[in-house]
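# Chains, contacts and geometry: an overview
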Amino acid sequence: MSTHSFAALSLPQLGAPSSLALPGVRRWVAAEAGWIAVQAGRAWLTRDGDFDDHVLATGESLWLERGDAVTVEAWRQGEPAWLAWRPQPSQPLALVFAGRLARAVARGARGLAGRLLVLARSAEASARRAQGSICAGDSIASAGALQ
């Protein structure tokens, strides 16, 4: 697997400004900020430093900052995906920070959800133990009352 800059690739022209059929795993570094979009098929993308993987279908896109390294592969083996690279001037700083904040909040929410799940399972186990004690106590009380 090699690392390429989108700007340095000789890409077939399917749409402006450049497109590429994705036959296997590829790795690129964005020479400038822009959108990587799926023109046809589905693609799996992961960006260095991003904890989330992205599965994009036809018409969906992902913003890359200048210097972002991304690994891209067709979602299903044998079904190529067509990607388009649309370089654009950098997004306004507020949008960049909003995107980073949204990713951080999503990571925090996933962590909180995991901790709440652990607490719920612990409460469920405690409730089962308590229910078992009540049932055992009923049996002992019933046995003593019959004697």
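Up top you'll find the structure we're talking about.
Before going into details, it helps to say that this report is about the structure given with it. All figures in this text were calculated on a predicted structure; none of them were measured in a lab. (Residues numbered from 1 in each chain as written. Predicted model: local features only at pLDDT ≥ 70, side-chain atom pairs only at ≥ 80, totals over all residues. Heavy atoms only, no water.)

## Topic: the overall build of the chain
Regarding its fold elements, the chain presents one helix and nine strands. Beginning at the N terminus, the succession of helices and strands in the chain can be written as β-β-β-β-β-β-β-β-β-α. In the chain, buried positions account for 25% of the 147 residues. Across the chain, the fraction of contacts at a sequence separation of at least 24, relative to all contacts at a separation of at least 6, is 70%. A total of about 9300 Å² of accessible surface is found on the chain, and carbon and sulfur atoms cover 59% of it. (Helix = DSSP H or I, 4+ residues; strand = E, 2+ residues; numbered from the N terminus. Buried < 20%, exposed > 50% of the residue type's maximum accessible area, 1.4 Å probe, protein only. Contact = heavy atoms within 4.5 Å. Areas by Shrake-Rupley, 256 points an atom, 1.4 Å probe, with all protein chains shown as cover.)

## Focus on the pattern of salt bridges
Across all of its chains, the model carries five salt bridges by this definition. As a salt-bridge pair, D50 and R47 come within 2.9 Å of each other at their nearest N and O atoms. On the basis of relative accessible area, D50 is assigned to the buried category, the value being 10%. If you follow the salt bridges from partner to partner, you end up with R47, D50 and D68 in one network. (Salt bridge = Lys/Arg side-chain N within 4 Å of Asp/Glu carboxyl O.)

## Describing the packing of aromatic side chains
Taken as a whole and assessed by the stated rule, the structure comprises one aromatic pair. Seen from their ring centres, W35 and W63 are 5.2 Å apart, and the 70 degrees between their planes marks the pair as edge-to-face. You can see W35 sitting in strand 4 (residues 34-40) and its partner W63 sitting in strand 7 (residues 61-64), a full 28 residues away along the chain. Looking at W35, the relative accessible area reads 25%, which means it is partly exposed. Since its relative accessible area comes to 10%, W63 is described here as buried. (Phe/Tyr/Trp six-rings, centres within 6.5 Å; stacked < 30°, edge-to-face > 60°.)

## Let's talk about the pairing of strand 6 (residues 53-57)
By the alternation rule, side chains of strand 6 split into H54 and L56, which are all buried, and D53, V55 and A57, of which none is buried. By the bridge criterion, five bridges tie strand 5 (residues 42-47) to strand 6 in an arrangement that is antiparallel. Looking at the pairing, L45 lines up with H54 of strand 6. (Pairing = 2+ DSSP bridges.)

## Considerations on the nonpolar core
If you look at the biggest cluster of nonpolar residues, it comprises 14 residues, and the most contacted ones within it are I36, A43, L45, L64, V72 and L83. When contributions to this core are tallied by element, the ones reaching two or more residues are strand 4, strand 5, strand 7, strand 8 (69-74) and strand 9 (81-87). Once residues within four sequence positions are removed from consideration, L64 is found in contact with A30, E32, A33, G34, I36, R47, V70 and W85. (Core = buried A, V, L, I, M, F, W, Y, C linked by side-chain atoms within 4.5 Å.)

## Thoughts on a nonpolar patch on the surface
Taken together, L112, L116 and L119 make up a surface patch of nonpolar side chains, about 300 Å² in accessible area. Take L112: it is sitting in helix 1 (residues 93-146). (Patch = residues over 30% accessible without salt bridge, like charges linked within 9 Å, V, L, I, M, F, W, Y side chains within 5 Å.)

## Observations concerning the side chain of R27
By the element assignment, R27 lies in strand 3 (residues 26-29). Polar contacts involving the side chain of R27 include one to the side chain of D48, which spans 2.5 Å. A polar contact of 2.9 Å, which involves the side chain of R27, links it to the side chain of T71. (Polar contact = N/O pair within 3.5 Å; in protein donor to acceptor, adjacent residues only side chain to side chain.)

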